[in-house]
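Residue strings, one per chain:
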Amino acid sequence: MQAQAPVTGTFRRAWELLAGNWIVVVPAVIVGIVTGVVLYLLDVYAGVSLGGLGDLNGGPGVFAIFIGSIVAVVVRMLGAIVSIAYTTGMAAAAWQRGRATLADGTSALRKDGTQVFIAILLLFLIGSIAAFLMDFLFYLPVLLYAIFVLYTIPGVIVGERTAVDALVESFRLAGKNFWATTGVVALIIAIAAVAAILGGLLHGIPLIGSIFELVVMEVVVAYATLVVVGEYIVLRPTLDQPADAPPPAAS
């Protein structure tokens, strides 16, 4: 396996791009708020929650909650598709032009929304298998899952591939650049952990605490997306290089 270039350049450039394109955070924040409000209203007025998927032995009332819970899953799925497509599309534009707009996210959603949906389903299925195996192999399956599927969504939106082709490409790309990809995953996990602690502190602030917590987490998501998209752009040419060729340097 070939030696890898450090990923610190990608992280630094991703932060610079985020600092100059805070609008990348906006779609995910809006989607998060809208999704949260819709799910709250469903829970309060219709007794709907994701927990309703767990038991059908309580008669017609529980069955109605089960059906309503499917609605909740659909709401979350639609929110995820919109958020992921917008954020990734805008991140790609930021890397390519240095400037991102909401139009870039709209274009990505319109062009690649269906493939993003299929990719999310595939990632969910593979992730479920990894989570099941975690009981027998500790956290190794989940870690390998995070590494090998990392470039799937950029493959769909930036690489303009189908969901299946993007997933296969992600496996190949992560396998050929294993340590660089592992470094990206490790640093993102560390950043997310710090943000979760900060978000938990903000959550205790009355009224606006939950909004602050959401914004902090979505800033991390936007930054992580910029990092992954940037690393995908940097590493994608390695698939066409011989095994002993050096990887391209990050811009």
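A quick note: this is a predicted structure, and the numbers were derived from the prediction, not measured.

What counts and what doesn't
- Residues numbered from 1 in each chain as written.
- Predicted model: local features only at pLDDT ≥ 70, side-chain atom pairs only at ≥ 80, totals over all residues.
- Heavy atoms only, no water.
- Buried < 20%, exposed > 50% of the residue type's maximum accessible area, 1.4 Å probe, protein only.
- Helix = DSSP H or I, 4+ residues; strand = E, 2+ residues; numbered from the N terminus.
- Arc of directions from axis to C-beta.
- Phe/Tyr/Trp six-rings, centres within 6.5 Å; stacked < 30°, edge-to-face > 60°.
- Axes fitted to C-alpha atoms, helices over the stretch in contact; angles between N-to-C directions.
- Parallel < 35°, antiparallel > 145°, perpendicular 65-115°, else oblique.
- Contact = heavy atoms within 4.5 Å.
- Salt bridge = Lys/Arg side-chain N within 4 Å of Asp/Glu carboxyl O.
- Core = buried A, V, L, I, M, F, W, Y, C linked by side-chain atoms within 4.5 Å.
- Polar contact = N/O pair within 3.5 Å; in protein donor to acceptor, adjacent residues only side chain to side chain.
- pLDDT = per-residue confidence, 0-100.

On to helix α5 (residues 140–148), then. Given 3.6 residues per turn, any residue in an α-helix points the same way as the ones three and four places further on. Taken together, the buried positions of α5 are P141, I147 and F148. An end-on view of α5 places all buried positions within 125° of arc, on one side of the element.

Bringing the packing of aromatic side chains into the picture now. Following the criterion strictly, the structure yields eight aromatic pairs and no others. Their ring planes at 80° and their centres at 5.8 Å tell us that W15 and Y223 sit as a pair that is edge-to-face. Highlighted residues: W15 in helix α1 (residues 8–20) and Y223 in helix α9 (residues 209–235), separated in sequence by 208 residues. Owing to a relative accessible area of 46%, W15 belongs among the partly exposed residues under this scheme. A centroid spacing of 6.0 Å and a plane angle of 40° characterise the contact between F148 and F178, whose relative ring orientation is tilted. Within this pair, whereas F148 is found in helix α5, its partner F178 is found in helix α8 (residues 178–203), the two being separated by 30 residues in sequence. One exposure class covers both F148 and F178, and it is buried.

Let us look at the packing of helix α4 (residues 102–137) against α5. The N-to-C vectors of α4 and α5 enclose an angle of 150°; their axes lie 6 Å apart at closest approach. Judged on the interaxial angle alone, α5 and α4 are roughly antiparallel. Of the residues in α5, those in contact with L123, F124, I126, G127, A130, A131, L133, M134 and L137 of α4 are L140, P141, V142 and Y145.

Okay, the pattern of salt bridges next. Under the criterion given, the structure shown has four salt bridges. D104 is the partner of R97 in a salt bridge, and the nearest nitrogen-oxygen pair spans 2.9 Å. A salt bridge links E160 to K111, with the shortest nitrogen-to-oxygen separation between them at 3.2 Å. Here E160 is found in the loop between α6 (152–157) and α7 (163–176), whereas its partner K111 is found in helix α4, with 49 residues between them in sequence. Of the two residues examined, E160 and K111, each falls in the exposed class.

Okay, the nonpolar core next. In this structure, L18, Y151, I188, L226 and V227 are the most contacted members of the largest nonpolar core, which totals 39 residues. Within the residue set of this core, elements represented by two or more residues are α1, α3 (60–97), α5, α7, α8 and α9. Per element, the largest residue contribution to this core is eleven residues, and it comes from α9. Contacts of L226, omitting those with residues within four sequence positions, involve A14, L17, L18, A91, A94 and W95.

At F138, a residue that is not glycine, the phi angle is positive and equals roughly 60°. Examined against the element boundaries, F138 turns out to sit in the loop between α4 and α5. On the basis of relative accessible area, F138 is assigned to the exposed category, the value being 67%. You will see that E160, though not glycine, has its phi angle at about 55°, which is positive.

Tracing the chain through its elements places N21 in the loop between α1 and α2 (26–46). Within the structure, the side chain of N21 is placed 2.8 Å from the backbone oxygen of L17, a separation counted as a polar contact. Among the polar contacts made by the side chain of N21, one reaches the main-chain carbonyl oxygen of G98 at a distance of 3.3 Å. Discounting chain neighbours no more than four positions away, the residues touching N21 are A94, G98, R99 and A100.

Confidence along the protein chain averages 82 in pLDDT terms, with 81% of residues attaining 70 or more. A low-confidence stretch, residues 1–5 stays under pLDDT 50, and its non-local contacts, those more than four residues away or across chains, total 18 contacts.

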